[in-house]
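An overview of the molecular structure
Residue-level listing of the chains:
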Amino acid sequence: MVDWAILPKDLLNLISKSLDSSFDLLHFRSVCSSWRSSADPKPPLPTHHLPILPDNGTSLFPDSAVGFRLSQRSILLVKPHKPPISESDLFGWLVKVEEDLNAPRKVTTLLDPMSETRRSLPEHFPRSLDVSSFKIRELGREFKLHYFNTVGDIVNSLYLEKAVVRYLDSCSKFVLLTIHVSGKLAVFTSWDRAWTVINDMPSPYDDVIVFDGRFFGVDNNGRTVVVDFESLKLELVASPVYGGDKKFLIESCGEMLMVDMYLSMEEVDGDPGFGEEVFEHHAVFMNERTVKFKVFKFLEREKSWVEVKDLGGKMLFLGDDCNFTASASDLLPSCGGSCVFFNGNVFNEDNVDAMQDRDLGVFDFRSGKIELVHKLPEYAKLFWPPPPWITSHEIIREKHHQNVKCVIWSLRPWRFNRYGGVVVTRTSTLVYPLTLLFITQMTISTCSIALQRFLFTPPPQSLSQGRREKLMEVRCKAGAVPLMKQSHKFLSSLSSPALAGDPSATNRHIKKFVAASPKSVSLNVLSHLLSPHTSLPHLSFFALYLYSEITQASWFDWNPKLIADLVALLNKLERLQESETLLSTTLTNLKSNERDLALFLCSLAESNSKQGSAQGFNQACLRLREILQTSSSVYLKTQAYKSMVSGLCNMDQPNDAETVIEEMRLEKLKPGVFEYKSVLYGYGRLGLFDDMNRIVHRMETEGHRVDTVCSNMVLSSYGAHDALPQMGSWLQRLKDFNVPLSLRTYNTVLNSCPNITSLLKDLNSCPLSVSELLTFLNEDEVVLVRVLTQSSVLHEAMEWSSLEGKLDLHGMHLSSAYLIMMQWMDEIKVRFSGDKCVVPAEIIVVSGSGKHSSVRGESPVKALVKKMMVRTGSPMRIDRKNVGCFIAKGKTVKEWLCQ
């Protein structure tokens, strides 16, 4: 048998230097006295104070912050040395410890292994823990930057991203890589004590890692680079991998993996009925929910990522600041592995509320399912609370192993320090607050060697309660600029209580958003806030700051229309000084160009009228009249009159608008359809139907055709005032003059029918055929429905071929989709009954998934279609590849309808 104690000291010293983990080195030195004497303990990491990151001259960080402190954290796997009595106890426990490298007395804190959450241990947790009775292995290491102020206190951090550190020839010389608030990579070198933000960012970076002694970064598109910290240049080492919404880098068994997290419900490949029972819960769809993962392996020679279909026995953990991996055989032998643990909004149809908050979830690669960890006891015991084999472990005061003495430290009476934490003194006295609960200490032979300590301090009660805020529900009002998914997410976060009452924090949040967002998203948010129909009028206050940040973006093009909208909004908010300053600057810039100045004033007049700012509108009109007096351009004069007519009608002054039209005639400018439609709708909105019809007659006598758009304006006016008989007469008139009806006609008419609106409040009892529906309607509503069903709107929404028969409900309001669905079922039943009928291979109904609904992600039309399908016994089901569609084989649908 080999006597390991007589191995050469040089070899032992070489082995010990290859051990990066202080825990591995501790176990190495505890083998015997020979091994201990041949391996020097790791020196404590030095205190690191870092300057604040550059922020382009604006305050991205707390006003009182003067620099960063660096703390190190270790994610540990703790297991008993002896096999537990029960097989059910054969598992490890995950815990994260943080040693503040800069705190005056090196406070060590216990945290949740996956997040920033601090923990309080159970009442019966032992006051001391003998590490010789447990196997402790470091699974991962993370570094955290904290702001500190002039007196050395930690200042809360809002925007710090993940940081990775590489130590060079000594612990005092290091390089740190992190993600700047702009989404770019930022490097800090200890010898220069300077930050460098690398200006290379096709897309914001998602994650960074030290792998194989090199810094790697991956952006939102999967584009992967190596960072040379000496030249500060980036080398592309893998092409983009498109698909998911967030990328994570992780080292596993000597390989680098990339985990792609999908946050969009549309990407689900699971059961076709996924999530359908929770459509009434708005917050579910406002919070992005994790729905699946893909994993890729890095192939450096090929400069690519290759998808991994099965993780084998690996378990991946995606934490807030550190990603790590473990073997299922080490951590949980009863588990087969091949899973990913993550923090996020987890879908669970048994508990809708659980989806509204950030929780710990697990994705099983084999089944493709995501579950809440706390609902799976086998997985839940890996985290919190501590396992019974720790809390029930007997405390042994002294143990002897060959020449090695392990001392289990006892605790002196409780005493609080000024930081509310745990103090380690040179006499090895451990002082802790009442809720301190976990401590690991070990000495080898004497107290002169480096002690490995784990001391944990819970946060103050006000913080430990862990306030969990729900994102504010964002609804898009009719007429508002539709919001993109990223825009929804940003506006929801801007509504967060965490930013309430803190303008500087909100401004920093806006700055980060603009820096990290593409042009289309930033302008989408700004346009929505500037809209008079914005769903979040209380956030319009920040539109000016958002605009100022957008003007600093490299892609920004000066747009007078945006400025006009912004000036009008400031007028509405009575921020007149800011409005006047912005307007004066713009007029100065445009005064040398008559055309641009005139068009800007036209936009300004219309924007002020839509915002209801009479003062701003009148001032814009005065400037427009100056243009009318001095300009010789017929085009500019016509545009000026159009803007004044439209603005007056928006301000509910159609009579004055008619006066402006007469003024146009005196100037020998012929009024067009636009001016007449504006005045027509202006009278109609006010319920002045005689004047509205007078304008219609005038249009006809002057040779302007009353088209579908004009007809819908008339119908909308009648509907707004519940004038259903007049609406029916107008529809009949359109039919007689062969004016085609449109989808908007359907929406306008059916939204005005009170009985239809009432029936749709209960989808479980509403009629399922047109003939049955008519029995529930009054006489006026029956006339309207019959005229609509005789139009060509249904056929325009249908496609029919041997490949597919499709009905597209996009753009239809709930009442329109309801009637069209009943018409469609009658229509295809007739087609299937024909002798020469072409039976499509597939039948598809496109309902949409709620991207353009008043609440993004919640589709009332889809809920209606599903309910109708269920009640009629239809074989159609939600398409797995597109959750906004219902699909079935054509033959199956034919059998269902013709049975």
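Higher on the page you've got the structure.
Bear in mind the structure is a predicted one, so any value in this text is a computation, not a measurement.

Topic: the overall build of the chain
- Looking only at helices and strands, one finds 30 helices and 35 strands in the chain.
- Counting only residues that meet the buried cut, the chain has 53% of its 899 residues in that class.
- Once local pairs closer than 6 in sequence are excluded, the contacts in the chain between residues at least 24 apart make up 62%.
- Total accessible area computed for the chain in this model is approximately 41,400 Å², and 51% of it derives from carbon and sulfur atoms.

Comments concerning the nonpolar core
- Among the nonpolar cores identified, the biggest contains 130 residues, and Leu807, Leu809, Trp824 and Val845 are the most heavily contacted of them.
- Top element by residues in this core is helix H28 (residues 814-833). It accounts for ten residues.
- Once residues within four sequence positions are removed from consideration, Leu807 is found in contact with Leu794, Ala797, Met798, Ile820, Met821, Trp824, Ile844, Val845 and Val846.

A few points about the sheet that holds strand E31 (residues 798-800)
- Strand order in the open sheet formed by five strands is E31-E32-E33-E35-E34, with mixed pairing between adjacent strands. Two strands close off the open sheet at either side, each with one partner strand: E31 and strand E34 (877-878).
- Pairing geometry for E31 and strand E32 (residues 804-808), over three bridges, is antiparallel. What sits directly across from Trp800, in E32, is Gly805.

Overview of the pattern of salt bridges
- Counted under the stated rule, the structure contains 30 salt bridges.
- One salt bridge in this structure joins Lys96 and Glu142, with 3.1 Å as the shortest N-O distance. Placement of the pair is Lys96 in strand E3 (residues 93-100) and Glu142 in strand E5 (residues 134-148), with a sequence separation of 46 residues.
- On the basis of relative accessibility, which here comes to 1%, the residue Lys96 falls in the buried class.
- The exposure class assigned to Glu142 is buried, which follows from its relative accessible area of 2%.
- Note that Glu662 and Arg665 form a salt bridge whose closest N and O atoms lie 3.7 Å from each other. Of the two residues, Glu662 and Arg665 are both situated in helix H18 (residues 654-666); the distance of three residues between them amounts to about one turn of the helix.
- Take Arg665: its relative accessible area is 31%, and that puts it in the partly exposed class.

Each value, and the rule that gives it
- Counting starts from 1 at the beginning of each chain's written sequence and moves along it residue by residue.
- pLDDT decides what is reported in this predicted model: residues at 70 or higher carry local features, side-chain atom pairs at 80 or more are listed and counted, and totals for whole chains, interfaces and linings draw on all residues regardless.
- With hydrogens and water excluded, all non-hydrogen atoms of the structure serve as input to the side-chain values.
- Counting from the N terminus, the helices are DSSP H or I runs at least four residues long and the strands are E runs at least two residues long.
- The classification of residues rests on relative accessible area computed with a 1.4 Å probe and restricted to protein chains. Under 20% of the type maximum is buried, over 50% is exposed, and intermediate values are partly exposed.
- The contact rule is simple, with two residues in contact once any of their heavy atoms fall within 4.5 Å.
- All accessible areas in this document rest on Shrake-Rupley with a 1.4 Å probe, and a residue is counted as covered only by the protein chains that are shown.
- Only buried residues count toward a nonpolar core. Its members are Ala, Val, Leu, Ile, Met, Phe, Trp, Tyr and Cys residues joined through side-chain atoms within 4.5 Å.
- Think of it this way: DSSP has to see at least two bridges between two strands before they count as a pair.
- One speaks of a salt bridge when a side-chain nitrogen belonging to Lys or Arg is within 4 Å of a carboxyl oxygen belonging to Asp or Glu.

Function cannot be inferred from these measures alone, as they are strictly geometric.
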